[in-house]
Amino acid sequence: MKKKHNLGNEAVYDARTLGLPRMLVLGLQHLFAMFGATVLVPILVSGYGLPLSIQTTLLFAGIGTLLFHVCTKFKVPAFLGSSFAFLGGFQAVANLDSGKFAAMTGEEKLPYALGGVVVAGLLYLVLALLFKLVGAKKVMRFFPPIVTGPIIILIGLNLSGTAVTNASTCWWLALVAIAIIIVANIWGKGMIKIIPILLGVVGAYIVALIFHQVDFTEVASANFVGLQKFVIAKFDVTSILVMAPIAIAAMMEHIGLHRTLLGDGLATAFAGMFGGPANTTYGENTGVLALSRVYDPRVIRLAALYAIILSFSPKFDALVNSIPTAIVGGVSFVLYGMISAVGVRNVVENKVDLTKSRNLIIAAVIFVCGLGFASTGGITFTVGSADITLTGLAIAALAGVILNAILPGNDYEFGKSVEGDASADLGSY
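Since the structure is predicted, the reported quantities are computational estimates derived from the model, not experimental observations.

Chemist: Any chance you could break down the overall build of the protein chain for me, citing the residues and the numbers?
Modeler: Check the secondary structure of the protein chain and you find 20 helices and 4 strands. In terms of C-alpha radius of gyration, the protein chain reaches 21 Å, essentially the compact-globule figure of 22 Å for 429 residues. Overall size of the protein chain, expressed as C-alpha extent along the three principal axes, is 65 × 50 × 40 Å. The buried share of the protein chain, taken over its 429 residues, is 56%. For the protein chain, restricting intrachain contacts to residue pairs at least 6 apart in sequence, the fraction spanning at least 24 positions comes to 83%. Within the structure as shown, the protein chain displays about 18,000 Å² of accessible surface, and the carbon and sulfur contribution to it stands at 68%. Distance between charge centroids for the protein chain: 11 Å, based on 27 positive and 21 negative side chains.

Put into C-alpha cells, the structure is as follows:
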C-alpha cells in the first residue's frame, strides 16, 4: 500500500503517491508558472519584425523539456522555457540592413536568426565537453564576471528602447502591467510571487478588456486545432556572430553541470532548427517545486505534455497575440531592466574590484563597444564574396574575452563563492 503524503508539509520525491488527480493539478501549476515568460518571448520577437510563432515556441518548450530530462537521466526536475537572454540577438538580426540582409523582410531574416540559435546551442555542447574534459575552473577563467556581467547588462540596455516604444502606445495600460508585476514581486506570497509576469499580462489584459482595448478579429477567424508553423533554420556568419556570444552569458546557470548544459544545448539547437527560440531552465518552476515540496520530475514532464497539447491550437495562439502592445511594453519595461540588473548582481556578488585598472578597462571597452557600435549598425566587412556584420553585442563580447585573456592580473577563481558563481543565472530573477 502506497503512503499518502500531506502536500506542502513534507518533501515528496515520488508524485505517484499523491494519486493521479493531484499529479495532474501539480503539472498544471507548473504550466502556469512557465507560461507567461515562455509566450512573451515570441510576442516580443514578433514585435521586432521576426514572426516567431507562439505555437511552435510552446511545442519546443515541451519537447525541449522532455529532451533535457532524457539527458539528465530523468533526475533533474527542471522546465525549459523560452530564454530572454537571446532577445537582444533577435533584435540585432531584425535590424541588420547591410549585405544580403539589406533587402530582406523580417520573415526572410527569421531563419538566419534561428540558425544563430542552433549554433549557440551547439556551443553549449562544446562547453559541456570542455567542462567534462578539463573542468569548470580552467574554462571559466576565460569568462569571469568582469566579462559576463557587463555583457548581460548590455543585453538589457540594448533592448530598452523597444520597451519604451511599445509602452508609449498606451502609457496608462503599460503602467497597470508594471504596477501588477511590482506588487506581485514585492508583496506577493506563495504562487503569486512566483508568477509576476503572467499576473502582469493577465491582470492588465482584463483591464484592457474592460476598456475595450482588445481586438478579437484574428481570434474569431482562427481554427481551434491546427499544426505549428515550422521554419527551417538557415546559416550565415553574420547571424551566427550575433547569437553565439550570447551563449557566454546564458551558459552561466549550468556551470559545472555538464549534463544540464548538454540537455539545454540539445534542446536549444533542436528548437532553433525548426522555428523555436533558445531554451533555458526556469526559476519560476524551481519556485513551484519549493512551494509544493513535490520534487518529482514527473510533474514537470506533465507540464511539458500540456505545453505540447496547447501548441496544436491556432485559436490559443491568436488569443495570446491579441494582448495589446502597451501591455507587452509594460512587462518588457520591467523585464529588460531585470536582465541588466542580473548583470549588475553578477559583478557585485563576485566582488569584482573596479579599482583595478584591468577590470575597469575591460568593463569600459565592453560598454562602449556594445552601446556605441549598436548605434552605428556595427562593423561590416567582406570576406571573399560574403559581407559579414559584427553587431555591437558581438564586438563587445569578443573585446571582453580577448582583453581578459591578454591583460595580466586575472584573479577570478571559479568555485570560491557558490552565490557569486550562480549570480549570472538569467532564469533566477
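Chemist: Talk me through the side chain of Ser340; I want residue IDs and the actual numbers.
Modeler: Tracing the chain through its elements places Ser340 in helix H17 (residues 325-349). You can call Ser340 buried: its relative accessible area is 8%. Every residue in contact with Ser340, bar those within four places of it in the chain, is listed here: Ile152, Ile153, Gly156 and Leu157.

Chemist: Any chance you could break down the packing of aromatic side chains for me, citing the residues and the numbers?
Modeler: Ring pairs (aromatic) are described by centroid distance and by the angle formed between their planes. What the rule picks out here adds up to 9 aromatic pairs. Their ring planes at 80° and their centres at 5.5 Å tell us that Phe101 and Tyr112 sit as a pair that is edge-to-face. A residue pair is termed long-range when its members are at least 10 positions apart, and Phe101 in the loop between helix H3 (87-94) and helix H4 (106-134) and Tyr112 in helix H4 qualify at 11 residues. No difference in accessibility class separates Phe101 from Tyr112, as the two residues are buried. Ring geometry for Phe270 versus Phe274: centroids 5.4 Å apart, planes at 70°, classification edge-to-face. Placement of the pair is Phe270 and Phe274 together in helix H13 (residues 258-274), with a separation of 4 residues, close to one helical turn. Look at Phe270 and you get partly exposed, because its relative accessible area is 36%. For Phe274, a relative accessible area of 29% translates into the label partly exposed.

Chemist: Describe the nonpolar core, with residues and values.
Modeler: Ranked by internal contacts, the top residues of the largest apolar core, which has 123 residues, are Phe86, Leu87 and Phe90. Dropping the residues within four chain positions of it, Phe90 is found in contact with Val45, Tyr48, Leu50, Leu110, Ala113, Leu114, Val117, Met243 and Pro277.

Chemist: A description of the side chain of Ser239 should follow, citing residues and the corresponding values.
Modeler: Residue placement: Ser239 occurs in helix H11 (residues 237-243). Classification of Ser239 by relative accessible area gives buried; the value is 0%. Of note is the side chain of Ser239, whose polar atom sits 3.0 Å from the backbone oxygen of Asp236. Those residues in contact with Ser239 that lie beyond four places of it in its chain are Val93, Tyr112, Ala113 and Gly116.

Chemist: Give a detailed account of the pairing of strand E3 (residues 379-383), specifying residues and quantitative values.
Modeler: Remember that side chains alternate between the two faces of the sheet whenever the strand is regular. Here E3 runs beside strand E4 (residues 386-390); their pairing, made up of 5 bridges, is antiparallel. Note on E4: the bridge partner recorded for Ile379 is Leu390.

Chemist: Give a description of the packing of helix H18 (residues 357-376) against helix H19 (residues 392-406) that names residues and reports values.
Modeler: At a closest axis distance of 7 Å, the pairing of H18 and H19 adopts a crossing angle of 165°. As judged from the angle between their axes, H18 and H19 are roughly antiparallel. Relative to H19, the crossing made by H18 is right-handed. Facing H18, whose interface residues are Arg358, Ile362, Val365, Ile366, Cys369, Gly370, Phe373 and Ala374, H19 presents Gly392, Ile395, Ala396, Ala399, Gly400, Leu403 and Asn404. Class assignment for the residues of the contact of H18 with H19 results in 10 nonpolar, 4 polar and 1 charged.

Thresholds, definitions, all that
- Residues numbered from 1 in each chain as written.
- Predicted model: local features only at pLDDT ≥ 70, side-chain atom pairs only at ≥ 80, totals over all residues.
- Heavy atoms only, no water.
- Helix = DSSP H or I, 4+ residues; strand = E, 2+ residues; numbered from the N terminus.
- Rg over C-alpha atoms; globule rule 2.2 N^0.38 Å.
- Buried < 20%, exposed > 50% of the residue type's maximum accessible area, 1.4 Å probe, protein only.
- Contact = heavy atoms within 4.5 Å.
- Areas by Shrake-Rupley, 256 points an atom, 1.4 Å probe, with all protein chains shown as cover.
- Lys, Arg positive; Asp, Glu negative; His and termini not counted.
- Charge placed at Lys NZ, Arg CZ, Asp CG, Glu CD.
- Phe/Tyr/Trp six-rings, centres within 6.5 Å; stacked < 30°, edge-to-face > 60°.
- Core = buried A, V, L, I, M, F, W, Y, C linked by side-chain atoms within 4.5 Å.
- Polar contact = N/O pair within 3.5 Å; in protein donor to acceptor, adjacent residues only side chain to side chain.
- Pairing = 2+ DSSP bridges.
- Axes fitted to C-alpha atoms, helices over the stretch in contact; angles between N-to-C directions.
- Parallel < 35°, antiparallel > 145°, perpendicular 65-115°, else oblique.
- Left-handed = near helix turned anticlockwise from the far one by under 90°.
- Nonpolar A, V, L, I, M, F, W, Y, C, P; charged D, E, K, R; others polar.

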